[in-house]
Each structure stands twice: as C-alpha cells, then as structure tokens.
Amino acid sequence: MSGSNRISRRDFVKVTTGTIGGIITAAIGAPAIGYLISPALSAGAKEAWVPIGQKLEDIPLNVPTPFSFTRTQVNGWERTSTSFGGFVIRKSADPKDILILSSRCTHLGCTVNWHPEANEFICPCHDAKFSKEGVVLDGPPPKPLNQYTEFKVDNDGNLLIFVKEG
Amino acid sequence: MWQKIYLWLDERLGLKEMYTGILDRPEPKGNWWNTLGSASLFLFILQAVTGIFLTVYYTPSPDHAYDSIQYIMTGVAFGWLVRGVHHWGATLMVLVVFIHLLRVFVTASYKYPRELTWLVGVGLFLMTLGMGFTGYLLPWNQKAFWATTVATQIAGSVPYLGDFILKVLRGGSDLSALTLQRFFAAHIWILPAILTGLIFVHLFLIIKHGESHFPQKED
C-alpha cells in the first residue's frame, strides 16, 4: 500500500484511538485542573470605597483624628474580619487638602499612636517615630506611613476612602 | 530513542511478561456478566480519584463540614461534578459489586479452586458497604445525622456487646464531632487501605486461577 494515499487500517486505528483518547483526557483533565486552581482564579475584588464613619466637617483642622474600619473576607466557608485604622489630617478648610495616613507601622505592622505632646506618631513595638506627615523620624521603619491617596466626600458629608487591600 | 528506553525498562521489569500475564491471559468465551469485576475495579478507582479531589475542600468538623460542601457545590469550578460523580459512583459501586457477587454465586464460580477468591470478594463487598456507611455521614446534614444515629443504634442492639459497639462507632455515647472525625478517618484511610490490600489479593487469585467457564446446560 506504500505510495498510495489510502490510509492503512493500522494507521487509522492508531489515529482514531489517539484522537478519542486525547479528547477524553482533555474532557477529564480540564475540569480536574479547574477544580484545583479554582480559588486562585475567583479571588474576588478587594477594592472598595469605605466610609470612615466621620463627617468631614466634624474633623478638626490640623489635628490627626483617628478612625478605624473592619473588612470581612470570605475564604471558602470561612469569614475573616480584619481591622484597619488610620488618621485623617485636615491641613486647611479646603475639602481637598487632606492627608490620610494608615496607622500600620511600615516596620512590622504594629499600630502607631498619635502623641500630641511630642507632635509625633510613635509605634509602641520598637519606638519608631513618624512626623505628622508620616515621614520616618527615628527607628527601624524602612519607609514613611502609607497614605490613602484616594478619598471623596459623599452628598451627606461623609468621608470615604478607597481601600485596595482586604 | 524510545525503543532503547523501552528495551532498558523491559529487560529489568519484564514488561512483556507482565502484559501477557495480566492483560493477555487466556479467557473462556466472553460473556458480559464476566465484566462486572472490572467494572467494580473501575468504580473503585473513580471513587478514589474523586474522593481525593473532594478532600482538597472538605473539612470534617461539625462547624464547617456542611458549609465546606456547600462551597464545593457552589463556589468551586466543577465542584458539583466531582461531588456528583463521587455521590452517584458510590451508589453504583454498591450495586455493581453486589451484582458481581450474585453472578459468581449463580454461576457457582466460587467452587474449588476459587474459594479464597470468593471469601476475599465477600470481604470486599463488606468493605464497600462500610465505605457507603461511613461516607453517608460526611455531608453532616439532617439526613446524614439521623441515618447514622439509627444505623449506630442498630449496631448497638447486639446482645451484651451492643452498648460497647455503639460507643466505639460513635466515639462516645453521643453522635458528635468525634463520630464525624472517626467516620472520616475510616472513610479515607482505614477502609480504603483494607480495600486496596484485598483488591490486590483478589486480582492475584484471579490471574493465578484464570476465569471460570460459564456453566453450560449440561453442567
């Protein structure tokens, strides 16, 4: 049969077995892989506008005012709540002239406190000191306090911040 | 190159003898009733694979067992398929193993020299029922809870030893977290280990003796 373009019985069986076997493997393999990697793909959007629970007009000028909020994360069958906090500093009466700092120390994640008498944020864990603008003054932190750079005021005057982490 | 690798392996493993011994052995005239054993083996492998996949998400704790199954059904890609196959495969396996046992009984294939194959097979049937019994509790819903309450109660009705058996099965006098945990352990470790061992003995005996002839009218 060599030289002719007719396919031999043996080759036909080989090709058919291979093709059907391949289809079956893909039909079983794709759901199997999808099942295993599913949580990695469905990790939902963590970004959201979060009200900090205070109206802009109630926040005094030039004083770091603390706020906190809790975000709930659903992982499979478990709900995990994580607390976040920070400080709002209104530099002037201009509603856009606001600095919002995270209270999470950039060293190892402890919560910094505002000490008005020292005019500094002080982290209780390793005595790190930050200025009112969040700049590192002393201690081990590698970078300044994180800022919530996106914020807005809704129609009722509530201050909202844009949060990117769960 | 593949040829070389194959020859190297064949020389050390004896692939050719393995193939002729296991898959190319002489058979009596084919009969569909004779395929039920292979069907049982296939279902066992199917249950093992889907079961292993389910343990990726299932958690055997009273707090989360039900929720984790809800998550498998609604939150995981193809979770409904994996659990569905495991659920229906379980029912089918009990059925196929039972019909296989009936077939061997009706055709008298359990007779000399295959008595041991039969005895091991009965053990396999009991283990299969055990898998069904322990697996039934794992969804931790009302049906599972009360079915296990009743079934352990039945086991507890044995004279003299009943109360002790009931406590061993439940891990205490009540159906509790301990019951769920030990049923889970039995379902994924103990019974499958016994099943796998018995399956190898069963298969060894079948290959050793060959399959029995289907009896003729004059037999």
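Structure: see above.
A few points on the structure.

Our focus in this paragraph is the overall build of chain A. Along chain A, the regular secondary structure elements total one helix and ten strands. In chain A, the succession of α and β elements from N to C terminus is α-β-β-β-β-β-β-β-β-β-β. In summary, chain A has a C-alpha radius of gyration of 29 Å against a globular reference of 15 Å for 166 residues, an excess of more than 25%. Counting only C-alpha atoms and orienting by the principal axes, one finds that chain A spans roughly 100 × 40 × 35 Å. With 166 residues in all, chain A has 31% of them scored as buried. A separation threshold of at least 6 residues defines the contact pool for chain A, and within that pool the share at least 24 residues apart is 47%. Total accessible area on chain A is roughly 10,500 Å²; 55% of this is exposed by carbon and sulfur atoms. One finds the centroid of the 17 positive side-chain charges in chain A at a distance of 17 Å from the centroid of its 16 negative side-chain charges.

Glancing now at the nonpolar core. Membership of the largest hydrophobic core comes to 17 residues, with the highest contact counts inside it found for Y35(A), Y57(B), Y58(B), I72(B), L138(B) and L180(B). Within the residue set of this core, elements represented by two or more residues are α3 (36-54), α4 (65-74) and α9 (177-209) of chain B. Ranked by residues supplied to this core, first place goes to α4(B) with four residues. Residues contacting Y57(B), with those up to four places away along its chain left out, are Y35(A), L36(A), S38(A), P39(A), W77(A), S68(B), Y71(B), I72(B) and V76(B). L36(B), V96(B), L191(B) and L205(B) belong to the second largest nonpolar core, which has 16 residues in total.

Residue and element names in this part refer to chain A. Following the criterion strictly, the structure yields four salt bridges over all chains and no others. The salt bridge partner of D127 is K129, with a shortest N-O separation of 3.7 Å. Between K164 and E150 there is a salt bridge, with the nearest N and O atoms lying 3.8 Å from each other. Within this pair, whereas K164 is found in the segment after β10 (158-163), its partner E150 is found in the loop between β8 (136-138) and β9 (151-153), the two being separated by 14 residues in sequence. Classification of K164 by relative accessible area gives exposed; the value is 53%.

The rules we used
- Residues numbered from 1 in each chain as written.
- Chains lettered and ligands numbered in written order.
- Predicted model: local features only at pLDDT ≥ 70, side-chain atom pairs only at ≥ 80, totals over all residues.
- Heavy atoms only, no water.
- Helix = DSSP H or I, 4+ residues; strand = E, 2+ residues; numbered from the N terminus.
- Rg over C-alpha atoms; globule rule 2.2 N^0.38 Å.
- Buried < 20%, exposed > 50% of the residue type's maximum accessible area, 1.4 Å probe, protein only.
- Contact = heavy atoms within 4.5 Å.
- Areas by Shrake-Rupley, 256 points an atom, 1.4 Å probe, with all protein chains shown as cover.
- Lys, Arg positive; Asp, Glu negative; His and termini not counted.
- Charge placed at Lys NZ, Arg CZ, Asp CG, Glu CD.
- Core = buried A, V, L, I, M, F, W, Y, C linked by side-chain atoms within 4.5 Å.
- Salt bridge = Lys/Arg side-chain N within 4 Å of Asp/Glu carboxyl O.

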